[in-house]
Amino acid sequence: MPRVPSKPITAAEAYPLIFAVIKRIPRGKVASYAQVAYAAGFPGRARMVGRALADAGGGGPKLPWHRVINAQGRIALPRSSEAYVEQKTRLVAEGVLFEGDRISFTRYGWKRGSAPVLD
DNA sequence: GCGATGACAACGC
DNA sequence: CGCGTTGCCATCG
């Protein structure tokens with residue numbers, strides 16, 4: 001598909017869509033920032049998803065923010081942070097196992113072991 | 001208006 | 001696997 005010049009989007013408009021996508025990531029599965037962005041209708045804007053979560057800071061009780069990881073299968077937070085530990089704990093609690101500090105998209109990727117990015 | 005800053009990603013080496 | 005580079009784009013100072 002041709003690259004469409006996308007117009008700027010504000011947080012107020014994008015966040016609800018992004019959160020809506022994150023809410024449908026099944027338990028025990030994970031999705032990359034890029035995948036979430038793509039599914040929310042913002043291809044190529046993975047950073048915005050990261051910003052959305054950072055702003056949300058916990059994002060509400062119903063938001064499974066811990067199921068969003070980077071394209072390398074790693075938690076996108078400093079190893080030393082509290083949030084890192086919490087995210088890992090939550091994932092392990094729902095059956096997502098780590099290989100070192102990485103998670104296998106092949107096994108736990110949203111939508112049948114999908115690729116990190118595309119739908 | 002400009003440069004710096006990110007819970008990012010793809011690609012090259 | 002690790003690094004550096006480039007592309008990305010809303011925010012912030």
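See the structure printed just above.
What this report covers is the structure whose coordinates are included nearby. Since we're looking at a predicted model, the values are computed, not measured.

### Let's talk about the overall build of chain A
Logical step 1: Across its full length, chain A holds 6 helices and 2 strands.
Logical step 2: Among the 119 residues that make up chain A, the fraction classed as buried is 38%.
Logical step 3: Taking the intrachain contacts of chain A between residues at least 6 apart in sequence as the baseline, contacts between residues at least 24 apart amount to 64%.
Logical step 4: Accessible area of chain A: about 7,100 Å², with a carbon and sulfur share of 57%.

### Description of the protein's contact with DNA strand C
Logical step 1: As a matter of local geometry, DNA strand C sits amid 10 residues, with P8, I9, A11, R51 and R102 nearest to it.
Logical step 2: Side-chain polar atom of R47 to a base oxygen of DNA strand C: 3.4 Å apart, as the coordinates give it.
Logical step 3: Within the side chain of R102, an N or O atom sits 2.2 Å from a phosphate oxygen of DNA strand C.
Logical step 4: Residues of the surface near DNA strand C, tallied by class, amount to 3 nonpolar, 2 polar and 5 charged.

### Looking at the environment of A56
Logical step 1: You can see A56 is positioned in helix α3 (residues 46–56).
Logical step 2: C-alpha of A56 to C-alpha of G95: the two residues are 39 residues apart in sequence and 25 Å apart in space.

### Some points on the environment of P43
Logical step 1: Position of P43 among the secondary structure elements: in the loop between α2 (33–40) and α3.
Logical step 2: Contacts of P43, omitting those with residues within four sequence positions, involve A37 and Y38.

### Points about the packing of aromatic side chains
Logical step 1: Summed over the entire model, instances satisfying the criterion amount to 1 aromatic pair.
Logical step 2: A ring pair is formed by Y15 and F19, whose centres lie 5.9 Å apart and whose planes are at 55°; its orientation type is tilted. Of this pair, Y15 and F19 both sit in helix α1 (residues 11–23), separated by 4 residues, roughly a single helical turn.
Logical step 3: Assessed through its relative accessible area of 17%, F19 is described here as buried.
Logical step 4: The residue whose ring lies beneath K88 is F98, and the NZ or CZ to ring-centre distance is 4.8 Å.

### Regarding α2
Logical step 1: Here α2 has its buried residues at Y33, Q35, V36, A37 and A40.
Logical step 2: Looking one or two places after α2, you find G41, whose phi comes out positive at around 100°.

### Let's talk about α1
Logical step 1: Compared with an ideal rise of 1.5 Å per residue, which puts 13 residues at 18 Å, α1 spans 18 Å between its outermost C-alpha atoms and is within 8% of the ideal.
Logical step 2: All of the buried residues in α1 are A14, Y15, I18, F19, V21 and I22. For α1, the angular spread of buried residues about the axis comes to 155°, placing them on one side. Away from the buried face of α1 by more than 90 degrees, exposed residues A12 and K23 are located.

### Some thoughts on the nonpolar core
As a rule of thumb, nonpolar side chains are buried together in soluble globular proteins.
Logical step 1: Counting residues in hydrophobic clusters, the biggest one holds 21 residues, and the most contacted among them are I18, F19, I22, I25, V36, L53 and V68.
Logical step 2: Of all the secondary-structure elements, those providing two or more residues to this core are α1, α2 and α3.
Logical step 3: Looking at this core element by element, the count peaks at 6 residues for α1.
Logical step 4: One finds I75, L91, I103 and F105 within the second-largest nonpolar core, a separate group that totals 10 residues.

Scoring rules and cut-offs
Residues numbered from 1 in each chain as written. Chains lettered and ligands numbered in written order. Predicted model: local features only at pLDDT ≥ 70, side-chain atom pairs only at ≥ 80, totals over all residues. Heavy atoms only, no water. Helix = DSSP H or I, 4+ residues; strand = E, 2+ residues; numbered from the N terminus. Buried < 20%, exposed > 50% of the residue type's maximum accessible area, 1.4 Å probe, protein only. Contact = heavy atoms within 4.5 Å. Areas by Shrake-Rupley, 256 points an atom, 1.4 Å probe, with all protein chains shown as cover. Near = heavy atom within 4 Å. Polar contact = N/O pair within 3.5 Å; in protein donor to acceptor, adjacent residues only side chain to side chain. Nonpolar A, V, L, I, M, F, W, Y, C, P; charged D, E, K, R; others polar. Phe/Tyr/Trp six-rings, centres within 6.5 Å; stacked < 30°, edge-to-face > 60°. Lys NZ or Arg CZ within 6 Å of the ring centre and 35° of its normal. Expected span 1.5 Å × (residues − 1). Arc of directions from axis to C-beta. Core = buried A, V, L, I, M, F, W, Y, C linked by side-chain atoms within 4.5 Å.

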